[in-house]
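Summary of the model geometry
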Amino acid sequence: MQTTIKNMKLRLSAIAILVAGAFLGFEKAHAGFLIEPYLGYGTGTSTFKSVAGVETSGKESGVGFGARVGYSFLIPFVAFDYSQKVFKFAADSSGLSDSDDTFTEMAVVVGANLPIVRVFAGYGFDASAKIKGTSSESTVKGTFTKVGVGFKVIPMVAVNLEYFMYSAKKIESGGAEYDFDTFYSSWSYNPIFLSVSVPF
């Protein structure tokens, strides 16, 4: 009986070693490539100033998901970053109405992997926000920059905090596209985005 139990333990140990070896071999073979899906929550205040000088504002908040795909050069890394965010806009002032906003973003990100912390920055070359109100629908197009910091909670899970700075270029409404400054002299929208990611 004891011999049987001992043999079972040896077999289980051998299987565990084989599985661990296969896993480590896979990790080594793919060590340079970065694939990082993420899910998070974002919030920020959006402030518009019309060409007539009237200032209106509201709060954006909601969830977002995306992925970074790129290559890690041991410490530095570079990646393409794609994300979608589904936010609710709650107007704080008259002249604006509540809306459902869908952000679609593409960016290039560069950063550095340190033992526990990593830092990164990105340029969003294509960003759009589809704004769906109660009686109208429009799309704001532009670019953004962002900076972020990530903390490795466990080897395969990271918590990231990002700060965005948006710049609007165009606005599409009623089937036509206009320069953003046709209607607004300025737009300030600098949200934060807290996410959990699985880099592998």
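Every value quoted in this text rests on a predicted model; they were computed, and no experiment measured them.

Examining the overall build of the protein
Secondary structure assignment for the protein yields 1 helix and 10 strands. Moving toward the C terminus, one meets the helices and strands of the protein in the order α-β-β-β-β-β-β-β-β-β-β. Counting over 200 residues, the protein shows a buried share of 32%. Counting every atom, the protein has about 11,800 Å² of accessible surface; 67% of that belongs to carbon and sulfur.

Considerations on the pairing of strand β10 (residues 192–197)
Residues Phe193, Ser195 and Ser197 line the buried face of β10, whereas the alternating positions Ile192, Leu194 and Val196 sit on a face that is not buried. For strand β1 (residues 33–50) and β10, the ladder comprises 6 bridges, and the chain directions are antiparallel. Bridging across to β10, Tyr41 finds its partner in Leu194. Note that strand β7 (residues 157–173) and β10 share 6 bridges and pair antiparallel.

Structural notes on the pattern of salt bridges
With the rule as written, the count across this model stands at 11 salt bridges. With its nearest N and O atoms 3.6 Å apart, the salt bridge here joins Lys130 to Glu137. Looking at Lys130, the relative accessible area reads 43%, which means it is partly exposed. Assessed through its relative accessible area of 39%, Glu137 is described here as partly exposed. Salt-bridge contacts for Lys170 lead to Asp179; the nearest nitrogen and oxygen are separated by 2.6 Å. What emerges from the salt-bridge pattern is a single network uniting Glu36, Arg68, Asp81, Arg118, Lys146 and Glu162.

Here we look at the packing of aromatic side chains
Enumeration over the complete set of coordinates arrives at 17 aromatic pairs. Between the aromatic rings of Phe87 and Phe103, the centroid separation amounts to 5.5 Å while the plane-to-plane angle is 55°, which identifies the pairing as tilted. A residue pair is termed long-range when its members are at least 10 positions apart, and Phe87 in strand β3 (residues 76–91) and Phe103 in strand β4 (residues 99–113) qualify at 16 residues. As far as burial versus exposure is concerned, Phe87 and Phe103 are alike and both buried. The ring of Phe120 has Arg68 sitting right over it, with the charged end atom 5.4 Å from the ring centre.

With respect to the environment of Ile171
Here Ile171 is to be found in strand β7. Its relative accessible area of 10% is what places Ile171 among the buried residues. As a C-alpha pair, Ile171 and Lys141 span 30 residues in sequence and 6.1 Å in three-dimensional space. The residues contacting Ile171, other than those within four sequence positions of it, are Thr139, Val140, Ala176, Glu177, Tyr178, Asp179, Phe180 and Phe183.

Topic: unusual backbone geometry
Positive phi, normally seen in glycine, also occurs at Leu74, with a value near 65°. Inspection of the secondary structure assignment puts Leu74 in the loop between β2 (55–72) and β3. The exposed category is assigned to Leu74, whose relative accessible area is 75%.

Structural notes on the environment of Ser93
Of note, Ser93 is situated in the loop between β3 and β4. Counting along the chain gives 36 residues from Ser93 to Ser57, while the straight-line C-alpha distance between them is 6.1 Å. Residues within four places of Ser93 in sequence aside, it is in contact with Thr56 and Ser57.

Examining the nonpolar core
Grouped burial of nonpolar side chains is what soluble globular proteins tend to show. In terms of nonpolar packing, the biggest core is built from 17 residues, with Phe103, Val140, Phe144, Tyr166, Phe180, Trp187 and Tyr189 touching the most fellow members. Looking at this core, the elements that each hand over two or more residues are β1, β4, β5 (117–132), β6 (137–154), β7 and β9 (184–189). Top element by residues in this core is β7. It accounts for 4 residues. Membership of the second largest hydrophobic core comes to 5 residues, among which are Leu34, Phe77, Ala79 and Val109.

Digging into the confidence of the model for the protein
Taken as a whole, the protein shows an average pLDDT of 86; of its residues, 84% reach a score of 70 or greater. Mean pLDDT values over the elements of the protein span from 40, in helix α1 (residues 2–29), up to 98, in β10. For the stretch residues 2–30, pLDDT sits under 50, and the model shows 0 contacts to residues farther than four places along the chain or on other chains.

Calculation criteria
- Residues numbered from 1 in each chain as written.
- Predicted model: local features only at pLDDT ≥ 70, side-chain atom pairs only at ≥ 80, totals over all residues.
- Heavy atoms only, no water.
- Helix = DSSP H or I, 4+ residues; strand = E, 2+ residues; numbered from the N terminus.
- Buried < 20%, exposed > 50% of the residue type's maximum accessible area, 1.4 Å probe, protein only.
- Areas by Shrake-Rupley, 256 points an atom, 1.4 Å probe, with all protein chains shown as cover.
- Pairing = 2+ DSSP bridges.
- Salt bridge = Lys/Arg side-chain N within 4 Å of Asp/Glu carboxyl O.
- Phe/Tyr/Trp six-rings, centres within 6.5 Å; stacked < 30°, edge-to-face > 60°.
- Lys NZ or Arg CZ within 6 Å of the ring centre and 35° of its normal.
- Contact = heavy atoms within 4.5 Å.
- Core = buried A, V, L, I, M, F, W, Y, C linked by side-chain atoms within 4.5 Å.
- pLDDT = per-residue confidence, 0-100.

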